[in-house]
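# An overview of the molecular structure
Each chain is listed here by its residues.
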Amino acid sequence: MALLPILEFPDPRLRTRAARVDPVELATPAFQTLFDDMFETMYQAPGIGLAASQVDVHKRFMVIDVSEEHDAPRVFVNPTITARSGEQVYQEGCLSVPNIFADVTRAATITVEALDRHGQAFTLEADGLLAVCIQHEMDHLEGKLFVDYLSPLKREMVRKKLLKAKRSAA
Ligand code: NI
């Protein structure tokens, strides 16, 4: 397995809208290795979700594990939300927007349909942190980041802060 570089805001590649995965592709060893590498990258970061877009693969899938023990890995390929209800506010962060956290309002409960890593279709009803994470990662597949929910002024502050951090690290 290998750690993959994670794109960081304001990298324009994060704005790419991901293309649907042809389920036939899932059978290829390269794709299965990519899932494993994404889990390893996410756990090491550490994070609870990683969308393919964040590792510069512009296809519609993501890996998620919201468990403390890293024992509940989930892969969502071509996910769609078929029902949503209620509202919840959660202080979100993102591996592509390091060290920035902000409250985002999202649906409290969602029903999501997707394929698993082997191409099997499943339906999942999720709430709490898992629901937040699924919605956050699905935004990435649309080229959307959680900072887009902030005011333009706040987002500009985030952008400057990250560029400054990158400069001083270089
Ligand atoms: Ni993110």
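Okay, so let's go over this structure. The shown structure was predicted, so the numbers you read here are calculated from the model rather than taken from an experiment. (Residues numbered from 1 in each chain as written. Predicted model: local features only at pLDDT ≥ 70, side-chain atom pairs only at ≥ 80, totals over all residues. Heavy atoms only, no water.)

### Some points on the overall build of the chain
Going by this rule: The helix count covers DSSP runs of H or I at least four residues long, the strand count covers runs of E at least two residues long, and both are numbered beginning at the N terminus. Radius of gyration here uses only the C-alpha atoms, and the compact-globule reference equals 2.2 Å multiplied by the residue count raised to the power 0.38. For every residue, the accessible area (1.4 Å probe, protein chains only) is compared with the maximum for its type, and the residue is labelled buried under 20%, exposed over 50%, or partly exposed between those bounds. Here a residue-residue contact requires only that any non-hydrogen atoms of the pair lie within 4.5 Å. Accessibility throughout is a Shrake-Rupley quantity obtained with a 1.4 Å probe, and a residue counts as covered only by protein chains that appear here. A positive count includes Lys and Arg, and a negative count includes Asp and Glu. His and the chain ends are not counted in either. The atom standing in for a charge is NZ when the residue is Lys, CZ when it is Arg, CG when it is Asp and CD when it is Glu.
Looking only at helices and strands, the chain features three helices and seven strands. Each helix and strand of the chain, ordered N terminal to C terminal, gives the series α-β-β-β-β-β-β-β-α-α. Taking 15 Å as the expected radius of gyration for a compact globule of 170 residues, we find that the chain reaches 16 Å, a close match to that expectation. Considering only C-alpha atoms, the chain reaches an extent of 45 × 40 × 30 Å along its principal axes. For the chain, the residues scored as buried account for 44% of the 170 residues in total. By sequence separation, contacts in the chain at least 24 residues apart represent 65% of the contacts at least 6 residues apart. As displayed, the chain has an accessible area near 8800 Å², and 54% of this comes from carbon and sulfur atoms. The distance from the centre of the 19 positive side-chain charges to the centre of the 24 negative ones in the chain is 11 Å.

### Things to note about the pattern of salt bridges
Using the following cut-off: In what follows, salt bridge is the name for a side-chain nitrogen of Lys or Arg lying within 4 Å of a carboxyl oxygen of Asp or Glu.
Evaluated as defined, the whole model comprises 12 salt bridges. The partner of R106 in a salt bridge is D139, with the nearest N and O atoms 3.0 Å apart. Placement of R106 in strand 5 (residues 97-106) and of D139 in helix 2 (residues 128-141) is noted, with a sequence separation of 33 residues between them. Across this residue pair, the class does not change: R106 and D139 are buried. The salt bridge partner of K160 is E156, with a shortest N-O separation of 3.9 Å. Separated by four residues within a single helix, K160 and E156 lie in helix 3 (residues 152-169), roughly one turn from each other. Exposure remark for K160: the relative accessible area of 52% places this residue in the exposed category.

### Side note on helix 2
In plain terms, the rule: Between the first and last residue of a helix there are one fewer steps than residues, each counted as 1.5 Å, and that sum is the expected span.
Here helix 2 is 14 residues long and its end C-alpha atoms lie 21 Å apart, about the 20 Å a rise of 1.5 Å per residue gives. Counted residue by residue, helix 2 has 12 buried out of 14 residues, so it is predominantly covered. Within the sequence span of helix 2, burial applies to L130, A131, V132, C133, I134, Q135, H136, E137, M138, D139, H140 and L141. Downstream of helix 2 by one or two residues, G143 has phi in the positive range, about 80°.

### Quick word on the packing of aromatic side chains
Operational definition: Ring pairs are drawn from Phe, Tyr and Trp, using the six-membered ring of Trp, whenever the two centres fall within 6.5 Å, and their geometry is named by plane angle: stacked under 30 degrees, edge-to-face over 60, tilted for the rest.
This model, assessed by the stated rule, comprises five aromatic pairs. Here the aromatic rings of F31 and F35 are separated by 5.4 Å at their centres, their planes lie at 70°, and the arrangement is edge-to-face. With F31 and F35 both in helix 1 (residues 29-44), this residue pair falls four residues apart, about one helical turn. Using a relative accessible area of 0% as the deciding quantity, one classes F35 as buried. Relative to Y43, the ring of F39 has its centre 6.0 Å away and its plane inclined at 25°; by these criteria the two rings are stacked. Note that F39 and Y43 are positioned in helix 1 at a spacing of four residues, about one turn of the helix. A network of ring pairs unites the aromatic residues F31, F35 and F61 as a single cluster.

### Topic: the sheet that holds strand 6 (residues 109-115)
The condition is simple: Any two strands with at least two DSSP bridges between them are considered paired. Only C-alpha atoms enter the line fits that serve as axes; for helices the fit covers just the stretch in contact. Angles between N-to-C directions range over 0 to 180 degrees.
Reading across the sheet, the five strands line up as 1-2-3-6-7 and stay open at both edges, with antiparallel pairing between neighbours. At either end of the open sheet lies a strand with only one pairing partner, and these are strand 1 (49-51) and strand 7 (121-127). This sheet shows a mean twist of 40° between the axes of neighbouring strands, independent of strand direction. Pairing analysis gives four bridges linking strand 2 (residues 61-64) to strand 3 (residues 74-85), with the strands arranged antiparallel. In the strand pairing of strand 3, M62 is matched with F76. Across the face of the sheet, helix 1 comes into contact with strand 1, strand 2 and strand 3 while running at roughly 45° to strand 2.

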